[in-house]
Amino acid sequence: MSTYLLAFVIGEFDKISRETCNGRVLVSVYTPKGKSEQGEFALDVAARTLPYYEEWFGIEYPLPKSDLIAIPDFAAGAMENWGLITYRETALLVDPISTSAATKQWVALVVAHEEAHQWFGNLVTMEWWSQLWLNEGFASWVEYLCVDHLFPDWKIWTQFVYQDAGRAFSLDSLKSSHPIEVEVGHPSEVDEIFDIISYSKGSTVIRMLHSFLGEEAFKQGLHNYLKKFTYTNTVTEDLWEALSETSGKNVEQMMNTWTKQMGYPVVTISETEENNKFKVEQLRFLSSEIPSGADAEDYLWFIPLGFVSENGETYYTTLSEREGVVEIPDNIANSKFKLNPNQSSFYRVNYNNSPKLYNNIQDSILNGGFSEATDRIGVQNDAMALAKVGLLEISKYFDLVNCYKNEKDYTVWADLTSNLLNVLSTFGNEDLKDKFNQFGLELYSTAGEALGFEAKENESHLDGMLRSLVVNRLGRFGDAKTVEFAKNKLEEFVNDRNSLPADLRSAVYGIALKHGGEEQYNQVLTIFRDTDLQEEKVRCMRSLGSTGNVDLLKQTLDFSLSDEIRSQDAVFVIISVANNPKGSELAWQFLQDNWDKLYNLYQGGFLLSRLISGIISQFSTEEKALEIEAFFVEHPCPAGKRSISQGLETVRSNAQWINRDLDSVISYFSD
C-alpha cells in the first residue's frame, strides 16, 4: 500500500452504515454531529457503487469496510485514502430540502470517483507522478460510467461532453498546455498536474478509446491489467499492452499520439468532385492562432473518425495521416450529416471549406435534427471555438446560436450559455450592453415561457436544472418579470426558509444582487450567517460577487479573508468578484495587495493557482498582460507558473479576438 493512501481521523462524528447488496463490505458515512440524515444519499450511492465496480472490473473490493467522512476544512474535493475516504462537506452531504439537483449530481460523481480509485490508484498504483493520469483520468471516466448506471435519467454522459470534454478542449487549445504524461522531476511539481489535463483530457481520451475498441475488449483489457498488477506499480504502457491483447489493435501506437503530445486536432472536411468522397485534413487546433511551422508540422494524431446523419445513422473510419479521402455510404452522404458522432472523439470539425455541409447542419439543428444532444452540443461548441480563432465568421456563430431557441435539453443550453457568455464578456462594453441583453432575452424567452418559475408535477431532474439556468439568464439579461420575481423571492426566503426551492436559490440570489443594492446584499448575508449547511453558505458567498455596487464588491473581497469564510472557500469568493465586469480590476488589485497573505495561506498550492487563473483570465488587453507579467517577475510563484502562462495566453488570445472581430460584432448587433 502506498503511504499517501494512509489516513487517520480523530473527532466527534455521527455514523450511519449499510452492507453492500452481496454482504461483503460494510459501508459507513461519518457526518458532523446532528447531520447523519445528510449522509443517507452518499451512503446509498457508495453501497451500490462498490458491487457495480466489482462486477465491471471482475475483481472484488479487497477490504471489509469502506468509510466516507465529511471534513469541515479540506482543500481538495475528496481524497481516496484506502478504506477511509475524506470529503469536503459539500462533496458528501445532501440535505433533503436544501440541496440542489446539481449538487446531488456532484456528490454522486465524487463518491463514484473516489470509490473507483480503490481499484485505479490503490489496488494498482502509478509508478511515479508522471503517470498521475492513470489514477485521475480513469477515475474521472469511470465515475460517469457508474453514475449513468445508477441514475440513467440524469443523462450524465451528455453532461460529460459539456463538463469534462469541454474543459479539456478549452485548456488544451493553449500553447502553454502540457501532455497528459508530463515529466515530474520533484514532488514539489506534483500539485500543478492535478489539473484539467490529467482529469478531464485524461477521461475524454479514455472515453474515445472505449468507443473505438468496443465495450467487451475494453472491459476485458482493464480486468487483465488490474489482475496482473494487483498491489504493484505500473506505467501507461502496461495498460496499452493489456488493451492491445484483448482488442487485437495497436493501442500504444494510437494512444501515444494523445498522451505524449499536448493539444488536439481540428479536422477540416471538403467536398470533392466524386460523389460520396470527401477530403479530410487534420491540423493542430490553437485558440490563439492558426498553427504554422513546428506547431503545425510536428503534430499528428491517430483519429477515430466518424460520420452521423441527422437521423442517427453512422459510419466509422480512421485518419492517421495529415490528410486523406474518405468515401462514406449513400445513406449518410445523401443526408444532412456531421462528423464525430456523439462527440466521442477528441477533435474539432471545420466545415468552412464546404458551405453546403455547414448550412445543412444549421438547417437540421433549426428543424430538430440530430436527436443526440451530444451532437447538437458539438456543432455549437466547435463553431464557437472556430469563431474565436478566426476560422468562422462571428456573425455565422450568432446565426447558429439563434437556431437553438427551441432547444429543450439542459446540457445543450448549459454549453451554449457558457460559450455565449464568453463572447459577450469579451466584447462587452456600454455601447453594446443593451443590444447583448436584448439578444439574450430573445434567445431564452421560449424556454423561459415553457418552464416558468414553479416546478411542474412529475418533471425530470434535468428540468429543474434547466429552469435554474434559464431563469438566471433571463434575470441577468434584465427581464423585468424575472428580476421582480427574484427580489420578491429573496425577501420571502429570508423570513420563510422553505419558500424557495434549492434549484432556484443561486439564480435568485445572483439576480437580486445584480439588480438590487445594499438591502439585497444584506439579505444574502443573513442567509449565509443563519444556515449551518455548507452548501447554502457556498451558494451565498459565491453569489456576493454578482452585486452591481462597487463598494459592495470591495466589501466582498475583504469578507473573503474574514474569519467567517473557510480558507478553502475564499478563492471562489474572490473569483466571483473577478467574474463581474465591475469587479475584475478590483479582484486583480486585491490579489496584488494581499499577495503575501494569500501565498502563505495556500502555500503556493493548487488553490492559489486556481485563484490566479480565475482573476487574470478575465482581461483582454496587451497592456494588462504586460502588467501581470511584471507583477509575477517581482513575486515569483513556482507552483503557479503554468497557470500564469495559461492565463496570459488567454488574455492575449482575447485581445487578438477583439482586434479582429469587434467591428463585425458591432455591425451584427446594429442591423
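For the structure, see preceding data.
Being a predicted model, the structure only gives us computed values, none of them experimental.

Caption draft 1: Representation of the nonpolar core within the structure. Grouped together as the largest cluster of nonpolar side chains are 158 residues, with contacts concentrated most on Trp119, Phe218, Trp258, Leu305, Leu339 and Tyr444. Once residues within four sequence positions are removed from consideration, Leu339 is found in contact with Val267, Ile269, Leu305, Gly306, Phe307, Tyr347, Val349 and Tyr351. One finds Ala486, Ile527, Trp595 and Leu607 within the second-largest nonpolar core, a separate group that totals 59 residues.

Caption draft 2: Structural view of the pattern of salt bridges. Summed over all chains, the structure comprises 35 salt bridges. Here Lys175 ties to Glu289 by a salt bridge, and the two come within 3.2 Å at their closest N and O atoms. Pair noted here: Lys175 is in the loop between α4 (156-171) and α5 (196-213) and Glu289 is in the loop between β9 (277-284) and α9 (294-297), with a separation of 114 residues, a long-range link. With its nearest N and O atoms 3.2 Å apart, the salt bridge here joins Glu627 to Lys624. A residue pair is termed a helical-turn pair when its members lie 3 or 4 positions apart in one helix, as Glu627 and Lys624 do in helix α26 (residues 622-634) at three residues. A relative accessible area of 33% means that Glu627 is categorised as partly exposed. Among the residues examined, Lys624 registers a relative accessible area of 9% and is labelled buried. Among the charged side chains, a network of salt bridges with common partners joins Lys175, Arg284, Glu289 and Asp295.

Caption draft 3: The arrangement of unusual backbone geometry in detail. In this model, Tyr231 sits at a positive phi of 65 degrees, which is unusual for a non-glycine residue. With respect to the helices and strands, Tyr231 occurs in the loop between α6 (215-228) and β7 (232-234). Judged by relative accessible area, which is 55%, Tyr231 ranks as exposed. The backbone of Asn342 shows a phi angle near 65 degrees, a positive value even though the residue is not glycine. Here Asn342 is to be found in the loop between β13 (337-339) and β14 (348-350). Overall, the relative accessible area of 33% leaves Asn342 in the partly exposed class.

What counts, and where the lines are drawn
- Residues numbered from 1 in each chain as written.
- Predicted model: local features only at pLDDT ≥ 70, side-chain atom pairs only at ≥ 80, totals over all residues.
- Heavy atoms only, no water.
- Core = buried A, V, L, I, M, F, W, Y, C linked by side-chain atoms within 4.5 Å.
- Buried < 20%, exposed > 50% of the residue type's maximum accessible area, 1.4 Å probe, protein only.
- Contact = heavy atoms within 4.5 Å.
- Salt bridge = Lys/Arg side-chain N within 4 Å of Asp/Glu carboxyl O.
- Helix = DSSP H or I, 4+ residues; strand = E, 2+ residues; numbered from the N terminus.

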